[in-house]
Amino acid sequence: MKKITSLLVAFLLAAAGFWLGVLLTRPPGRTVETQRMETCLLLYQDYRTYNDQKKLAAELERISLNPRDFQEIIDRFIYYRTRKSSMNQAMQLLQAFKMGYDIDAASIFSISGMASEPFRLDAEILAVFESKPELIKKAFEG
């Protein structure tokens, strides 16, 4: 009985040490804000409805985006909408990014005024796919 108890204590200490090691070595998590991407989708939807370039330019200036960056964002949304087969892989990358892991991307799309993390733009776009798919459907099919 004493042998079993000492083995159990040793196992519990090893498990606690492993758990503590994982906690201490895990990278800090990231939060992924989607507000800017959601605003871009709403602007795109409004532009498709009214074709008012002056209003679009004014709204883009208000959120500190230039037309080229806006076009890049919308193109990334279209890219992910048309590549449904790779969406599962992209969502797994998003989860890894949120957990704090660094993502080495084959090609990087960045826009001015965004954080310098390579996967940040795609993470924000994918987070909108995850949290508000109805907004994407409305913007592109509306």
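Because the structure is a prediction, the values reported are computed rather than measured.

### Details of the overall build of the protein
When its secondary structure is counted, the protein shows 7 helices and 0 strands. Reading the protein from its N terminus to its C terminus gives the helix and strand order α-α-α-α-α-α-α. Scored against the burial criterion, the 142 residues of the protein give a buried share of 32%. Nonlocal contacts in the protein, meaning residues at least 24 apart in sequence, comprise 77% of its contacts between residues at least 6 apart. Carbon together with sulfur atoms contributes 58% to the accessible area of the protein, which is approximately 9,600 Å² in total.

### Quick look at the side chain of E38
Along the chain, E38 falls in helix α2 (residues 35-50). Those residues within four positions of E38 in sequence are excluded, and the remaining contacts are V128, S131, K132 and L135.

### Thoughts on the pattern of salt bridges
Inspection of every chain in the model, using the stated rule, returns 8 salt bridges. For E59, the salt bridge identified is with R62, shortest N-O distance 2.9 Å. Of this pair, E59 and R62 both sit in helix α3 (residues 53-62), 3 residues apart, which is roughly one turn of that helix. For E59, a relative accessible area of 24% puts it in the partly exposed group. A relative accessible area of 56% means that R62 is categorised as exposed.

### Quick notes on a nonpolar patch on the surface
Taken together, W19, L20, L23 and L24 make up a surface patch of nonpolar side chains, about 470 Å² in accessible area. Along the chain, the position of L24 falls in helix α1 (residues 2-25). According to the relative accessible area criterion, L24 is exposed, its value standing at 67%.

### Some details on unusual backbone geometry
In this structure, N51 takes a positive phi of about 50° despite not being glycine. Residue S64 is not a glycine yet carries a positive backbone phi of 60°.

### With respect to the packing of aromatic side chains
The tally for this structure, following the rule as stated, stands at 5 aromatic pairs. Note on Y44 and F140: the rings are 5.1 Å apart at their centroids and 45° apart in plane angle, and the pair reads as tilted. Placement of Y44 in helix α2 and of F140 in helix α7 (residues 133-141) is noted, with a sequence separation of 96 residues between them. For the residue pair Y44 and F140, the accessibility class agrees, reading buried in each case. Centroid distance Y80 to F129: 6.5 Å. Interplanar angle 70°. Geometry classified as edge-to-face. Placement of Y80 in helix α4 (residues 67-82) and of F129 in helix α6 (residues 120-131) is noted, with a sequence separation of 49 residues between them. Residues Y80 and F129 agree in their burial class; the two are buried.

### Some points on the packing of α2 against α6
The geometry of α2 relative to α6 is characterised by a closest axis approach of 9 Å and an angle of 70° between their N-to-C directions. Taken together, the axes of α2 and α6 are roughly perpendicular relative to one another. Between α2, through M37, E38 and L41, and α6, the contact on the second element is made entirely by L121, E124, I125, V128 and S131. Tallied by class, residues from the contact of α2 with α6 come to 5 nonpolar, 1 polar and 2 charged.

Parameters at a glance
Numbers given for residues are sequential positions, taken from 1 along each chain in its written order. For a predicted model such as this one, the threshold for reporting local features is a pLDDT of at least 70, and the threshold for listing and counting side-chain atom pairs is 80 or more; totals across whole chains, interfaces and linings nevertheless cover every residue. Heavy atoms throughout the structure, all of them, feed into the side-chain values; hydrogens and water do not. Helix and strand definitions follow DSSP, with helices as H or I runs of at least four residues and strands as E runs of at least two, each counted in order from the N terminus. Only protein chains enter the calculation, and the probe is 1.4 Å; a residue is then buried if its accessible area is under 20% of its type maximum, exposed if over 50%, and partly exposed in between. Note on contacts: a residue pair is in contact if any heavy atoms of the two residues lie within 4.5 Å. The accessible surface values rely on the Shrake-Rupley method and a 1.4 Å probe; as for residues, cover is taken only from the protein chains in view. Within this document, salt bridges are pairs made up of a side-chain nitrogen of Lys or Arg and a carboxyl oxygen of Asp or Glu, the two lying within 4 Å of each other. Candidate patch residues must exceed 30% relative accessible area and have no salt bridge, after which like charges are joined if within 9 Å and Val, Leu, Ile, Met, Phe, Trp or Tyr side chains if within 5 Å. Two aromatic rings, drawn from Phe, Tyr or Trp (for Trp, its six-membered ring), form a pair once their centres lie within 6.5 Å of each other, and the interplanar angle then sorts them: stacked below 30 degrees, edge-to-face above 60, tilted otherwise. Interaxial angles span 0 to 180 degrees and are taken between N-to-C directions of axes, which are lines fitted to C-alpha atoms, for helices over the stretch in contact. Note on terminology: angles under 35 degrees are roughly parallel, angles over 145 are roughly antiparallel, angles of 65 to 115 are roughly perpendicular, and the others are oblique. Ten residues, namely Ala, Val, Leu, Ile, Met, Phe, Trp, Tyr, Cys and Pro, are considered nonpolar, four, namely Asp, Glu, Lys and Arg, are considered charged, and the remaining ones, Gly among them, are considered polar.

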